[in-house]
Each structure stands twice: as C-alpha cells, then as structure tokens.
Amino acid sequence: MTKPLEGIKIIDFTHVQAGPACTQLLAWFGADVIKVERPGSGDVTRNQLRDIPDADALYFTMLNSNKKSLTLDTKKPEGKEVLEKLIRESDVLVENFGPGALDRMGFSWERLNELNPKMIVASVKGFSDGHHYDDLKVYENVAQCAGGAASTTGFWDGPPTISAAALGDSNTGMHLAIGILTALLGRDKTGKGQKVAVSMQDSVLNLCRVKLRDQQRLERVGYLEEYPQYPHGEFGDVVPRGGNAGGGGQPGWVLKCKGWETDPNAYIYFTIQGHAWEPICKALGKPEWIDDPSYKTAQARQPHIFDIFKTIEAWLADKTKFEAVDILRKFDIPCAPVLTMKELANDPSLRASGTIVEVPHKKRGSYLTVGSPIKFSDMKPEVTASPLLGEHTEEVLLGLGYSRQDIFNLREIKAV
Ligand code: CAO
C-alpha cells in the first residue's frame, strides 16, 4: 500500500521527545526519516532508564520507530560535507537542539535555505524567537509551568501540578507535524521551502485556551460558577486550580467505586450531563430530585454538587468501575473507568485498532508501543522497530553516492 508521505525525505536532527514524536508520526505515514546521531552515543534516550542492560531503552524505541539511523559528527568538516549533500536532496529538516546550536554548527536558516531553497526547516524550542526567555533550554515540565498548565492543574490546597500527559513534548511535536505538512502543501503552490517554528510554551498554552477563557470571565464577573470554589469558597484574581472539576458546562468529578480502599484506581469519571439528570436520579433512587427546583438545573445543583457526588458514590460502593460504566452507559451518561497503564496495555480494543502495538526489535525482543492515534480509511500505519545506532549509515551514504571505500575511510561516522 503506498503511503501519502512516501517520497518525502526528512533529516531528523531531533532528540529526547518533542522532535522525535513529530518525525515518528511522519515516518508512520510514509516519509523516509533519517535520524542523524552523534557517533558512539546517539540520542541520549537510547541510554536513559534502560530496563535491559545492552539494549536501547524503551524511551528511545517508543519515539523512534519506522526511522533510519545515520551516525555522523556534524561538527567536523567532512561530517558537514555529508550533511550538506543530504540537505541538497531532502524535503524537510527537523531539529530540537538547544537555542543557537544549529547556527553554531554552521547551519543557520539562511545557509540551509541557500543549500536547498525548497527545504522546509522545522524547529522546536522552549520559547518562541524573540521571547524574553528565548535563550532557555526547556524540558517537559518547564514548558507545562511556562504554558499555564501547572498553575491550573491540581487541587486548590496543593501546589501547582504537572500532568503525566506530555503536553510540552509530544504535544509540541504534533503541532510541529501540522506545521510541516502545511508548509509542504504551501511548497506545492510556491515551489519554496520555509522555516516552521513551534515553541513548547505556545503549544501548552494552545491546549490551555479554556483557562485563558476563564481568566477573562473571572475578571469580568469575579467568580467561575463551574469551579468547586463556587459558591462557598473564595476567588482571587487568577484562575484557581479546580481539582477534578469538569471545566465546561457539565459538572463532573472522579468518584470512588467498589474496592477504592485498596485499589488506587478503583474510580470512574462521572459527568452530570443536563439531559441525563432524570435517568441519573432514577438510577440513584432519588426520583424526588428530578423536579426539585434546588436540583433541576446545573446552576441550581452547583451549591450541593459535592452532596450529589457523595450520593453517587454511595450508589457506586457495591459496583466495580467497569460494572458502573456498563450501567451508566445505558443512560447516555458520559463516563469512563480510570484506566491504568496495565489495563490499557492489555485492552483488546486498543490492540485491535492498532493503538497499542507489539513491535519486534533486533536486540530487545518485542516491545509495546503506542501506534498511530490517527486512523485512515485507505491506510493502516504499520509500526516497525526503531533503528539501532548507525544501522543505516552505509545505506544512506551509498545513496548519496559514496563508495564502500569512501565510507570505510570516513572517520566522522565512527565513535572516536
Ligand atoms: N554531531 C556533532 N554534534 C552534535 C550532533 C552531531 N550529530 N548532534 C548534536 N550535536 C551537538 C549540537 O551541535 C550541540 O552542541 P553545542 O551546544 O556545542 O553547540 C549539542 O550537541 C546539543 O546541545 P543541546 O543544547 O541540544 O543538548 P542538551 O542536552 O544540552 O539540551 C535540551 C537538551 C532538550 C534541553 C535542548 O536540546 C533544548 O532545549 N531543546 C529545545 C527544546 C526541546 O526540544 N526540549 C524538549 C526535549 S524533550 O523533553
């Protein structure tokens, strides 16, 4: 089956998570992604948090599937020469080095554009160009703090909290992938490449836009009616942390189910959707709430929302999270069990859809990874193993016109 990005050649100058997540996605969709790595060590994640002593760590394998690996010291003159050849025949270069690293290596945007005016140069940085923090190196949690996620996540009586979801890293990579695909479409019209830049701060903030909505509402009316602080607590002048509140027009909370005393994940998320109020009352054995003016509307329920949640928890006490959801789904109530990584890894539906896949690997044996979350009617992205360090060095150099003897003599592809 031909894939839409077949024929698109990408120089993958990325490391850790934000950049690799982007290029992995493009590789799934058919792009020829060549990861350029420092000889001897490669991407730092090959060695981070290893679970098997001599094999690439899962951190690496789960972010670099479907790619090729070329080892090359791009700071040495002959290494630069190889890279220049590759640049001349590639469509995209993606990088997420610290600020200024690519310029210091001698590959500024101007130079890249001179070498290949059709090439798209895509970068991830912590902060956008010209930002007063644009010299900072940034990792995931730094971005979550800088992008507004941390100040609005967690409980009001605790500190700002980091999400386990990679809002700073993989999320930024997904934004960059959209930028690259847009620039490729633009190039079809203009024949010209361009620079695509995404900052981690901006990408986090983009996902926190409803919190900026709330900041403006708070400034106008002084309170936020869907937050747990309303109506009994106090509001200051910034959006507070709302615990597990719904955040939209539908109040919701994480509620205890049977076994919560010993199982830290015996919970469901329960949403009180307006149209489902009557069936909820019936299911809970509280038919008197259906027409009671103090319960009938979302606004009327808010002052007693935690009493309502307590009543629901009493109903849930003899039901597992799965049993509860099986009952509630019949009432059209948006809800889900709180699923653990173990449950997700073994979920038959996720296996069948290709969202959780098992990939054979030369050194590790097989490993589990998350496959494409994007599904197509005419293509099933197939996940293949991440490359060993330098696995494709010879193949890539032969493709650039080097002879086997040249390759043998080239010191810049070897560890010193
Ligand atoms: N050959 C020779 N040198 C190479 C090379 C190669 N193939 N590949 C990389 N290098 C060099 C770079 O030229 C750079 O050297 P200089 O700093 O001397 O110019 C160096 O290796 C990489 O530096 P770095 O700043 O990217 O790496 P770091 O480990 O110090 O910082 C990180 C890591 C992630 C904080 C930083 O890269 C960064 O801020 N990136 C942008 C934001 C980002 O993507 N963060 C998310 C990472 S995922 O959590």
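Residues numbered from 1 in each chain as written. Predicted model: local features only at pLDDT ≥ 70, side-chain atom pairs only at ≥ 80, totals over all residues. Heavy atoms only, no water.

Engineer: Explain the UniProt feature "active site" (unreviewed entry) in the protein here, please?
Structural biologist: If you check UniProt for "active site" (unreviewed entry), the listed places come out as Asp169 in our numbering. By secondary structure assignment, the location of Asp169 is in the loop between α6 (140-146) and α7 (170-190). Here Asp169 falls in the buried class, since its relative accessible area comes to 8%. With residues near it in sequence (within four places) discarded, Asp169 still touches Gln17, Ala18, Tyr59, Glu140 and Met200. Side chain to side chain, Asp169 and Gln17 meet in a polar contact 3.5 Å long. (UniProt positions renumbered as here; feature names shortened; annotations may be inferred. Helix = DSSP H or I, 4+ residues; strand = E, 2+ residues; numbered from the N terminus. Buried < 20%, exposed > 50% of the residue type's maximum accessible area, 1.4 Å probe, protein only. Contact = heavy atoms within 4.5 Å. Polar contact = N/O pair within 3.5 Å; in protein donor to acceptor, adjacent residues only side chain to side chain.)

Engineer: So what exactly am I meant to see when it comes to the site of the ligand here?
Structural biologist: For the ligand, the set of nearby residues contains 23 residues, the closest of which are Lys75, Gly98, Lys137, Val138 and Asp169. For the ligand, a nitrogen atom lies 3.4 Å from a polar atom in the backbone of Phe97. Burial of the ligand by the protein amounts to 84% of the accessible area it has alone, namely 960 Å². (Near = heavy atom within 4 Å. Areas by Shrake-Rupley, 256 points an atom, 1.4 Å probe, with all protein chains shown as cover.)

Engineer: Before we go on, may I ask you to explain the environment of Glu78 in this structure?
Structural biologist: Along the chain, Glu78 falls in helix α3 (residues 77-88). Since its relative accessible area comes to 39%, Glu78 is described here as partly exposed. In this view, Glu78 contacts Leu410 and Glu412; residues no more than four positions away in its chain are not counted.

Engineer: Looking at this structure, I do not really get the side chain of Thr172. What am I missing?
Structural biologist: Note that Thr172 resides in helix α7. Among all residues touching Thr172, those that are not within four sequence positions of it are Val124, Leu167, Val198, Ser199, Met200 and Ser203.

Engineer: It is not clear to me how the packing of aromatic side chains should be interpreted in this structure. Could you clarify?
Structural biologist: Each aromatic ring pair is characterised by the separation of its centres together with the angle its planes make. What the rule picks out here adds up to 12 aromatic pairs. Relative to Tyr133, the ring of Phe127 lies with its centre 5.3 Å away and its plane at 65°, an arrangement referred to as edge-to-face. A relative accessible area of 6% places Phe127 in the buried class. Through a chain of ring-to-ring contacts, the aromatic side chains of Phe155, Trp156, Trp253, Phe306 and Phe309 assemble into a single cluster. (Phe/Tyr/Trp six-rings, centres within 6.5 Å; stacked < 30°, edge-to-face > 60°.)

Engineer: Teacher, can you tell me more about a positive patch on the surface here?
Structural biologist: There is a patch of like positive charges on the surface, built from Arg38, Lys75, Arg104 and Lys137. The exposure class of Lys75 is exposed, given its relative accessible area of 64%. (Patch = residues over 30% accessible without salt bridge, like charges linked within 9 Å, V, L, I, M, F, W, Y side chains within 5 Å. Salt bridge = Lys/Arg side-chain N within 4 Å of Asp/Glu carboxyl O. Lys, Arg positive; Asp, Glu negative; His and termini not counted. Charge placed at Lys NZ, Arg CZ, Asp CG, Glu CD.)

Engineer: Please explain the domain arrangement of the protein as it appears in this structure.
Structural biologist: As a measure of interface size, the accessible area lost when the parts come together is often cited. What the domain assignment reports for the protein is domain 1 (9-206 + 346-413) and domain 2 (252-333). Between the C-alpha centres of domain 1 and domain 2 the distance comes to 43 Å. (Domains from an automatic or database assignment.)

Engineer: Explain the sheet that holds strand β5 (residues 120-125) here, please?
Structural biologist: The strands making up a sheet associate through hydrogen bonds between their backbones, and the pairing can be parallel or antiparallel. With parallel pairing, six strands are arranged side by side in an open sheet as β3-β2-β1-β4-β5-β6. Two strands in the sheet have a free side with no partner beyond their single neighbour: β3 (68-71) and β6 (195-199). Pairwise comparison of adjacent strand axes, ignoring direction, gives a mean angle of 20° for this sheet. Relative to strand β2 (residues 32-37), strand β1 (residues 9-13) is paired through four bridges, and the arrangement is parallel. Residue pairing across strands places Ile10 opposite Val33, the latter belonging to β2. Helix α8 (residues 200-207) rests against β5 and β6 of the sheet, and its axis sits at about 65° to β6. (Pairing = 2+ DSSP bridges. Axes fitted to C-alpha atoms, helices over the stretch in contact; angles between N-to-C directions.)

Engineer: Help me out: how do you make sense of the sheet that holds strand β7 (residues 252-256) in this one?
Structural biologist: In spatial order, the strands read β7-β8-β9; together these three strands make up an open sheet with antiparallel pairing. Edge positions in the sheet fall to β7 and β9 (335-337), since each has one partner strand and no second. This sheet shows a mean twist of 20° between the axes of neighbouring strands, independent of strand direction.

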